[in-house]
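Below, each chain spelled out in residue letters.
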Amino acid sequence: MWKRTRDLLIGVLIGSVLMGAWVATRAESGTDLSSVVPFSAQALWLMKQTRSLLEPYHVDGDKPMEEKKLLYGAVRGILQAWGDPYTRFLDPAQLKEEEIEVQGEYGGLGIYIAQKDGKTLVVSPIEGTPADRAGLKPNDEIVKIGEEVILGWDQDRVVKTLRGAAGTSVTIWIRREKVDRLLKFDLKRENISLKTVKLEKLDKGVAYLRLSFFNEKTAEEMRKAISQANEMKAKGIVLDLRNNPGGLLNAATEIVDMFVDEGIIVGMKGRFERANEVIYATKGTQTRLPLVVLVNEGSASASEIVSGALKDLKRARVVGKKTFGKGSVQTLFHLSDGSAMFITIARYYTPSGLVIVHVGLKPDVVVEGEPQKDHRKDAQLQKAIQELRKAIN
């Protein structure tokens, strides 16, 4: 035992001497360490010690560990230390998956998640997908995937585990409010192809527009849907953003601009010039029909930008339940090896100056309930139609 301890102490001492010599050499050459490495010499030495102790003493230390895996783990640790679940690292494979989702098609369950207070929560299931048909709901907490408890997992690891080839199966365990046991869901993955805008004509000239996500195709899909609503002589529009987890900022601002022709759409406040921006509506609209917006606790991010702007600009009444409260803006930064990171660069505010992050948007008319496939049983939708008819008349 003494020999092992002695060898360890000698190793640490030798390493300290070598590190000291290296630091002294850099100092003599006039090189500022902070311009070369991201940490102090002491911090780098701590990392070196960690690896030097793991490799000879960990029970699995004889197994080769890929350098890049260690590096990516360190980068993820740096981002997690910031305490912001929306600032996250993507390795090249994860970046490709993210791009596929934004473009509108991937293999999985059709579920959007977010991390809040250390929990992995369902923001919303996508209509018509395995997650939706199985009955997953906003604010369900994912506790286990298969037999693995996911406590401590980052969001990217959860997403990667939930996704997979169409036809393969996965079991997830859910903790739901007011239910005293875990709920088990056995699901089969499918190819999730996202058409983000759906139009239905309801009774008495009501056009029902269901917007499920904001991706690269959403603005064009919305233009076509509004044009179709005008062609069918609609008298008013219900825009349903319930269980819409958000997506691209530019898609959200383009959609608001279709309904208004002046005023602030959204403002952003950050620490550098690009992050401090105010986006204004442009002249001209796609429609001037009366408008009511539906939201709930699954409406997040871009959904909150749209509903908040239309509410503050007095263009629409907002009906439903308080929104999720993800009021921050992320920018994707590409790194030199093909990986990337999303960094929260700003918090956004609505035209009235309301900052929604961790707070959410309160509707004009609060109505309990949840979306129903039978519109007649959907209390929130029926209330939205009542509000719309008031505006029409």
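Look up: the structure comes first, before these words.
Residues numbered from 1 in each chain as written. Predicted model: local features only at pLDDT ≥ 70, side-chain atom pairs only at ≥ 80, totals over all residues. Heavy atoms only, no water.

Asks: What should I look at first to understand the pairing of strand 13 (residues 264–270) in this one?
Replies: Two faces make up the sheet, and in a regular strand the side chains alternate between them. In terms of strand pairing, strand 13 meets strand 14 (residues 277–280) through four bridges, oriented antiparallel. Note on strand 14: the bridge partner recorded for Ile 264 is Tyr 280. Hairpin geometry of strand 13 and strand 14 is characterised by an intervening segment of six residues between the two adjacent antiparallel strands. (Pairing = 2+ DSSP bridges. Helix = DSSP H or I, 4+ residues; strand = E, 2+ residues; numbered from the N terminus.)

Asks: How should a nonpolar patch on the surface be read in this particular structure?
Replies: On the surface, Phe 39, Met 47, Ile 78 and Trp 82 cluster together into a nonpolar patch covering about 440 Å² of accessible area. By the element assignment, Trp 82 lies in the loop between helix 3 (67–81) and strand 1 (88–90). Owing to a relative accessible area of 67%, Trp 82 belongs among the exposed residues under this scheme. (Patch = residues over 30% accessible without salt bridge, like charges linked within 9 Å, V, L, I, M, F, W, Y side chains within 5 Å. Areas by Shrake-Rupley, 256 points an atom, 1.4 Å probe, with all protein chains shown as cover. Salt bridge = Lys/Arg side-chain N within 4 Å of Asp/Glu carboxyl O. Buried < 20%, exposed > 50% of the residue type's maximum accessible area, 1.4 Å probe, protein only.)

Asks: When you look at helix 7 (residues 218–231) in this model, what are you seeing that I'm missing?
Replies: For an α-helix, 3.6 residues make a turn, and residues three or four places apart therefore share a direction. Taking 1.5 Å of rise per residue, the 14 residues of helix 7 would be expected to cover 20 Å, and the 20 Å separating its terminal C-alpha atoms lies within 8% of that figure. For helix 7, the set of buried residues is Thr 218, Ala 219, Glu 221, Met 222, Ala 225, Ile 226 and Ala 229. Along the long axis of helix 7, the arc covered by the buried residues comes to 155 degrees, so they all point the same way. Every exposed residue of helix 7 that faces more than 90 degrees away from the buried side is listed here: Lys 224 and Glu 231. Where helix 7 is buried, its residues contact strand 10 (197–201), strand 11 (206–211), strand 12 (236–240) and helix 8 (249–259). Remark: Lys 233 follows helix 7 within two positions and exhibits a positive phi of approximately 60 degrees. (Expected span 1.5 Å × (residues − 1). Arc of directions from axis to C-beta. Contact = heavy atoms within 4.5 Å.)

Asks: Can you help me understand the side chain of Lys 144 in this one?
Replies: Looking at the secondary structure, you find Lys 144 in strand 5 (residues 141–145). Discounting chain neighbours no more than four positions away, the residues touching Lys 144 are Val 149, Ile 150, Thr 171, Ile 172 and Trp 173.

Asks: Quick question: what am I supposed to make of the pairing of strand 11 here?
Replies: In terms of residue burial, strand 11 counts as a mostly covered element, since six of its six residues are buried. Here strand 11 shows a buried face lined by Val 206, Tyr 208 and Arg 210 and a second buried face lined by Ala 207, Leu 209 and Leu 211. Between strand 10 and strand 11, which pair antiparallel one after the other, the connecting turn spans four residues, and Lys 204 there sits at a positive phi close to 60 degrees. When strand 11 meets strand 12, the two strands line up parallel, connected through five bridges. Opposite Tyr 208, over in strand 12, you have Val 238 as the bridge partner. Handedness of the crossover joining strand 11 and strand 12 through helix 7 is recorded here as right-handed. (Right-handed = clockwise from strand over helix to strand, strands pointing away.)

Asks: Is there a simple way to think about the packing of helix 8 against helix 9 (residues 302–312) in this case?
Replies: To characterise two packed helices, one gives the angle between the axes of the helices and the distance between these axes. The interhelical angle for the contact between helix 8 and helix 9, taken along N-to-C directions, is 25 degrees, at an axis separation of 9 Å. Comparing the axis directions of helix 8 and helix 9 gives the class roughly parallel. The interaxial crossing formed by helix 8 with helix 9 has right-handed handedness. Along its contact with helix 8, which presents Leu 249, Ala 252, Val 256 and Phe 259, the element helix 9 presents Ala 302, Ile 305, Val 306, Ala 309 and Leu 310. The class makeup of the residues in the contact of helix 8 with helix 9 is nine nonpolar, no polar and no charged. (Axes fitted to C-alpha atoms, helices over the stretch in contact; angles between N-to-C directions. Parallel < 35°, antiparallel > 145°, perpendicular 65-115°, else oblique. Left-handed = near helix turned anticlockwise from the far one by under 90°. Nonpolar A, V, L, I, M, F, W, Y, C, P; charged D, E, K, R; others polar.)

Asks: Sorry, what's going on with the packing of aromatic side chains here?
Replies: Any pair of aromatic rings gets described here by the distance separating the centres and the angle formed by the planes. Summed over the entire model, instances satisfying the criterion amount to two aromatic pairs. Note on Tyr 72 and Phe 89: the rings are 4.9 Å apart at their centroids and 55 degrees apart in plane angle, and the pair reads as tilted. You can see Tyr 72 sitting in helix 3 and its partner Phe 89 sitting in strand 1, a full 17 residues away along the chain. With respect to class, Tyr 72 is no different from Phe 89; both count as buried. (Phe/Tyr/Trp six-rings, centres within 6.5 Å; stacked < 30°, edge-to-face > 60°.)

Asks: What exactly am I supposed to notice about the sheet that holds strand 19 (residues 365–366) here?
Replies: Working definition: the strands of a sheet are paired by backbone hydrogen bonds and lie parallel or antiparallel to each other. In space, the six strands of this open sheet follow the order 10-11-12-15-16-19, with mixed pairing throughout. Whereas interior strands pair on both sides, the edge strands pair on one side only; in this sheet they are strand 10 and strand 19. Taken together, the four bridges between strand 15 (residues 291–295) and strand 16 (residues 317–320) define a ladder with parallel strand orientation. In the sheet register, Val 293 faces strand 16, and the bridge partner there is Val 318. Each of strand 12, strand 15 and strand 16 is contacted by helix 9, which is oriented at about 140 degrees to strand 15, the strand it contacts most.

Asks: Would you mind going over the pattern of salt bridges with me for this structure?
Replies: Where side chains of opposite charge bring their charged atoms close, a pairing between them can arise. Evaluated as defined, the whole model comprises 29 salt bridges. Across the salt bridge formed by Lys 311 and Asp 364, the nearest N and O atoms sit 3.7 Å from each other. Here the residue Lys 311 occupies a position in helix 9, and Asp 364 occupies one in the loop between strand 18 (340–349) and strand 19, the gap between them amounting to 53 residues. For Asp 364, a relative accessible area of 33% puts it in the partly exposed group. When salt bridges that share partners are traced, they join Glu 127, Lys 198, Glu 200 and Arg 210 into one network.

Asks: Honestly, the packing of helix 7 against helix 8 in this entry has me stumped. Any pointers?
Replies: Remark: helix 7 packs on helix 8, axes separated minimally by 9 Å, with the N-to-C direction vectors making an angle of 20 degrees. On the basis of the axis angle, helix 7 is roughly parallel to helix 8. The handedness of the crossing between helix 7 and helix 8 is right-handed. Where helix 7 abuts helix 8, its residues Thr 218, Ala 219, Met 222, Arg 223 and Ile 226 lie against Ala 251, Glu 254, Ile 255, Met 258 and Phe 259.

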